[in-house]
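These are the residues of each chain, in order.
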Amino acid sequence: MPGPPADPPVGLVLTGAAREVGRAFDAALTAAGGSLSTWLVLLSLATRATASQRELAEAVGIQGATLTHHLAGMERDGLVTRHRDPANRRVHRVELTGDGRAAFHRLRTVAVEHDRRLREGLTETELETTRRVLARMRANVSPSGG
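Because the structure is predicted, anything quoted here is derived from the model rather than measured. (Residues numbered from 1 in each chain as written. Predicted model: local features only at pLDDT ≥ 70, side-chain atom pairs only at ≥ 80, totals over all residues. Heavy atoms only, no water.)

Engineer: I keep staring at the overall build of the chain and nothing clicks. Help me out?
Structural biologist: Looking only at helices and strands, one finds six helices and three strands in the chain. Reading the chain from its N end, one meets helices and strands in the order α-α-β-α-α-β-β-α-α. For the chain, the C-alpha radius of gyration of 19 Å lies well beyond 15 Å, the compact-globule estimate for 146 residues. A principal-axis box enclosing the C-alpha atoms of the chain has dimensions of 65 × 35 × 25 Å. The proportion of buried residues among the 146 residues of the chain is 26%. Considering only contacts within the chain whose residues lie at least 6 apart along the sequence, 48% involve residues at least 24 apart. Put simply, the chain shows about 10000 Å² of open surface, and 56% of that area lies on carbon and sulfur atoms. (Helix = DSSP H or I, 4+ residues; strand = E, 2+ residues; numbered from the N terminus. Rg over C-alpha atoms; globule rule 2.2 N^0.38 Å. Buried < 20%, exposed > 50% of the residue type's maximum accessible area, 1.4 Å probe, protein only. Contact = heavy atoms within 4.5 Å. Areas by Shrake-Rupley, 256 points an atom, 1.4 Å probe, with all protein chains shown as cover.)

Engineer: How should I be thinking about the nonpolar core in this particular structure?
Structural biologist: If you look at soluble globular proteins, the nonpolar side chains tend to sit buried side by side. Counting 24 residues, the largest nonpolar core has Val41, Leu45, Leu56, Leu71 and Val80 as its most contacted members. For this core, the elements supplying multiple residues, two or more each, are α1 (10-31), α2 (36-46), α3 (53-60), α4 (64-76), β3 (88-96) and α5 (98-119). When residues in this core are grouped by element, the largest group, five residues, is from α5. (Core = buried A, V, L, I, M, F, W, Y, C linked by side-chain atoms within 4.5 Å.)

Engineer: What should I look at first to understand the packing of α3 against α4 in this one?
Structural biologist: The relative placement of two packed helices comes down to the angle between their axes together with the axis-to-axis distance. In contact at an axis separation of 10 Å, α3 and α4 are set at 105° when each is read in the N-to-C sense. What the angle tells us is that α3 and α4 run roughly perpendicular. Counted together, Gln53, Leu56 and Ala57 of α3 and Gly64, Leu67, Thr68 and Leu71 of α4 form the full contact between these two elements. Residue classes in the contact of α3 with α4 are distributed as four nonpolar, three polar and no charged. (Axes fitted to C-alpha atoms, helices over the stretch in contact; angles between N-to-C directions. Parallel < 35°, antiparallel > 145°, perpendicular 65-115°, else oblique. Nonpolar A, V, L, I, M, F, W, Y, C, P; charged D, E, K, R; others polar.)

Engineer: I would appreciate a short explanation of the packing of aromatic side chains in the present structure.
Structural biologist: Any pair of aromatic rings gets described here by the distance separating the centres and the angle formed by the planes. Counted according to the given criterion, the structure contains one aromatic pair. Where Trp39 meets Phe104, the ring centres are 5.6 Å apart and the plane angle is 5°; that geometry is what we call stacked. A residue pair is termed long-range when its members are at least 10 positions apart, and Trp39 in helix α2 and Phe104 in helix α5 qualify at 65 residues. Phe104 gets classed as buried once you look at its relative accessible area, which sits at 9%. (Phe/Tyr/Trp six-rings, centres within 6.5 Å; stacked < 30°, edge-to-face > 60°.)

Engineer: Looking at this structure, how should I read α4?
Structural biologist: Since the α-helix packs 3.6 residues into each turn, any two residues three or four apart lie on the same face. The first and last C-alpha atoms of α4 sit 18 Å apart over 13 residues, in line with the 18 Å expected at 1.5 Å per residue. Buried within α4 we find Leu67, Leu71, Gly73 and Met74. The arc that holds every buried residue of α4, seen down its axis, measures 160°, which confines them to one face. Exposed residues lying more than 90 degrees from the buried face of α4 are Ala65, His69 and Arg76. (Expected span 1.5 Å × (residues − 1). Arc of directions from axis to C-beta.)

Right, here's the structure in full:
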């Protein structure tokens, strides 16, 4: 019977790296008064004038009920407003407020700094190779095959 592999499985290495990178990003966002879910909603809204809650849920990758909970907190904090779409009263439109735009810019600075830290010591060639390898690994496990 063969012994243990010389190197850990690539999936474990990738999972560990993703977990550590995610923790560092979460900590940086928290220190700036944000969270990953807040950042994702702000980022999505900053790229469009307004969005329905359904569009936001799809863009952010958060289930509708969970997004509703996050939006309620963001609305209480004055970061977003929600109102019914006059053309379809069943649809809630979400918009950034002035405070929401300010929070977006504050958290964008954190995201840019985090990305800078991740890239530190890597060449453009290494970064491009990393992107290609990660995209291939993702495609390898995707139900659609890519």
